[in-house]
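What the coordinates show
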Amino acid sequence: MNKTDQMSFFGFEAEPAAEPAAATAKPVKAKAGKPAAPAVKLPDLVLAESAPPVMPAAQAPTLPQTPATTLPEPLDATAAPADEHEAMAQALAQHPDFRVLRRLLPRTDYGPVSGQSTRRVIVLDTETTGLDARNEKVIELAMLSVLVDTATGQPVGPVTLYESFEDPGKPIPPQITEITGIDDSMVQGQRIDDAAVTALVEQADLIVAHNAGFDRSFVEARWPVFARKAWNCSFAGIDWKKEGSGSAKLEFLASERGWFYDAHRAQVDCHALLQVLSSPLADGQTGLSRLLNGAGQTRYKLRATGAPFEAKDKLKSRGYRWDGEGRVWWCSLASDDLLDAECAWLRAEVYGQRSARVMLEAMDSLVQFSSRPGIVSDRSL
């Protein structure tokens, strides 16, 4: 499930925060993107057409009237052979006013493993009864486990799939059923196999989710094995804005790469994420490589303690969030370099070159995106 409405782009990543049901992306997900152009949808293609110029009425030609009895039957697009659809798609793709999207097809095998260096990655997604892991439950879990070639960043070998429903022990809220299609009858009496989940996760070197801060809190509460594994987030761990993407939402990322799919279910979202992360980024490496390399970096939660009130607009515009309970502005930073740069900005723009101390919470890959705290310390600016 795409759970990223609450995230934002800056020199650091803002952690997800709960939003109103109409706007939040997990599990009530509002899919954002550019307004869709008129489209013709075939079984495995979407042909998005730019609007043609409107001909003035005075110039419109007068066409002869055809008797109704001689009108041909409407064409059934689904009856056309697949190769005919592909020929249509290739022809339209050459025209500047058309963009062709193909249905994303799950891949179950990425080719032979030839003894190269690999690491095992699990791509994970959940569907839940609500936003709060302390009070809500998982109703569906999907995982794809695959080896990744450390030299190329590409998946290799067969993909191991685990997917299951689970009865939450209470009615599924109507808005969750509306979005996911999962109702009480589908989960009644179902239970996710704890042993199967544990066995699969124990083999992994890295767990990846799109908005890991949501999924990790839910699965750690249910299966302790997840707390012993390194995690990274395909939303916060890649600067999609810097990569030229108009949105970091999974459906949008897939669309930019020429795919559409039926979202809002855990398994298909996992397949979409794996294929998006197998695609090259601006520097040529794949998203999988970026996340594997980034998992070794420490992330920081920086609290701008004692920041003057008049600096609140600067902090807010830079992406800081207000912690009402702690009464402090904070942000999340993905590396030591970003932390150094942010401390320099705070000293110059917020504290007016005065001496100040900020609070840091350091989180490695075993803690980041979880609800567990990291190591807290102070830093002098």
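Some details on helix 8 (residues 287-294)
- Among the 8 residues that make up helix 8, 7 are buried, leaving the element largely enclosed by the rest of the structure.
- For helix 8, the full list of buried residues reads G287, L288, S289, R290, L291, L292 and G294.

A few points about the nonpolar core
- Ranked by internal contacts, the top residues of the largest apolar core, which has 57 residues, are L124, L141, M143, V197 and F226.
- Setting aside chain neighbours within four positions, we find V197 in contact with L141, M143, Y162, I192, W223 and F226.
- If you look at the next biggest cluster of nonpolar residues, it comprises 19 residues, including Y300, A304, L315 and Y320.

Focus on the side chain of S370
- Position of S370 relative to the elements: it lies in the loop between strand 13 (357-363) and strand 14 (375-380).
- Only 3.0 Å separates the side chain of S370 from the backbone nitrogen of R372, close enough to count as a polar contact.
- When near neighbours in sequence (up to four residues on either side) are disregarded, S370 contacts R216 and E220.

Looking at the sheet that holds strand 13
- Read from one edge of the open sheet, 5 strands run 11-12-10-13-14, paired in antiparallel fashion. The two strands at the open ends of the sheet, each matched to only one other strand, are strand 11 (321-323) and strand 14. Ignoring strand direction, the axes of neighbouring strands in this sheet form an average angle of 30 degrees.
- The sheet contact formed by strand 11 and strand 12 (residues 328-333) spans 3 bridges and is antiparallel. The residue bridging D323 from the neighbouring strand is V328, located in strand 12.

Topic: the pairing of strand 12
- With 6 of its 6 residues buried, strand 12 lies for the most part within the structure.
- With burial as the criterion, each face of strand 12 is covered, one bearing V328, W330 and S332 and the other bearing W329, C331 and L333.
- Examined bridge by bridge, strand 10 (residues 299-303) and strand 12 share 4 bridges and lie antiparallel to one another. Within strand 12, the position partnered with Y300 by the bridge is L333.
- Between strand 11 and strand 12, which pair antiparallel one after the other, the connecting turn spans 4 residues, and R327 there sits at a positive phi close to 50 degrees.

A look at unusual backbone geometry
- Although it is not a glycine, R327 adopts a positive phi angle of roughly 50 degrees.
- Structurally, R327 can be placed in the loop between strand 11 and strand 12.
- Its identity as a non-glycine residue notwithstanding, F369 has a phi of 70 degrees, on the positive side.
- Assignment of secondary structure puts F369 in the loop between strand 13 and strand 14.

Quick word on the pattern of salt bridges
- Throughout the structure, instances matching the rule amount to 19 salt bridges.
- Ionic pairing is found between R216 and E220, a salt bridge with its closest N-O pair at 2.5 Å. Of this pair, R216 and E220 both sit in helix 5 (residues 212-222), 4 residues apart, roughly one helical turn.
- By relative accessible area, which is 0% here, R216 ends up buried.
- In this structure, a network of salt bridges that share partners links the residues E166, R191, D194 and R222.

Some thoughts on helix 10 (residues 336-350)
- With 15 residues, helix 10 ought to run about 21 Å at 1.5 Å a step, and its terminal C-alpha atoms sit 20 Å apart, in line with that.
- The complete set of buried residues in helix 10 reads L339, E342, C343, W345, L346 and V350. For helix 10, the buried positions fall inside an angular range of 165 degrees around the axis, keeping them on one side.
- The elements touched by buried residues of helix 10 are strand 10, helix 9 (312-318), strand 12, strand 13 and strand 14.

Notes on the packing of aromatic side chains
- In total, this model carries 5 aromatic pairs according to the counting rule given.
- Judged by centre distance (6.2 Å) and plane angle (70 degrees), the rings of W223 and F226 are edge-to-face. Across the pair, F226 and W223 agree in class, each one buried.
- Ring geometry for Y320 against W345: centres 6.3 Å apart, planes inclined by 25 degrees, an arrangement best described as stacked. Taken together, the residues Y320 in the loop between helix 9 and strand 11 and W345 in helix 10 connect sequence positions 25 residues apart. Taken as a pair, Y320 and W345 share a single burial class, namely buried.
- Through pairs of rings, three or more aromatic residues link up here, namely W223, F226 and W231.
- Positioned above the aromatic ring of W330 is the side chain of K301, whose terminal nitrogen or guanidinium carbon lies 4.3 Å from the ring centre.

Describing the environment of V350
- With respect to the element layout, V350 can be found in helix 10.
- Measuring from C-alpha to C-alpha, the distance between V350 and K312 comes to 8.8 Å, with 38 residues separating the pair along the chain.

Scoring rules and cut-offs
Residues numbered from 1 in each chain as written. Predicted model: local features only at pLDDT ≥ 70, side-chain atom pairs only at ≥ 80, totals over all residues. Heavy atoms only, no water. Buried < 20%, exposed > 50% of the residue type's maximum accessible area, 1.4 Å probe, protein only. Helix = DSSP H or I, 4+ residues; strand = E, 2+ residues; numbered from the N terminus. Core = buried A, V, L, I, M, F, W, Y, C linked by side-chain atoms within 4.5 Å. Contact = heavy atoms within 4.5 Å. Polar contact = N/O pair within 3.5 Å; in protein donor to acceptor, adjacent residues only side chain to side chain. Pairing = 2+ DSSP bridges. Axes fitted to C-alpha atoms, helices over the stretch in contact; angles between N-to-C directions. Salt bridge = Lys/Arg side-chain N within 4 Å of Asp/Glu carboxyl O. Expected span 1.5 Å × (residues − 1). Arc of directions from axis to C-beta. Phe/Tyr/Trp six-rings, centres within 6.5 Å; stacked < 30°, edge-to-face > 60°. Lys NZ or Arg CZ within 6 Å of the ring centre and 35° of its normal.

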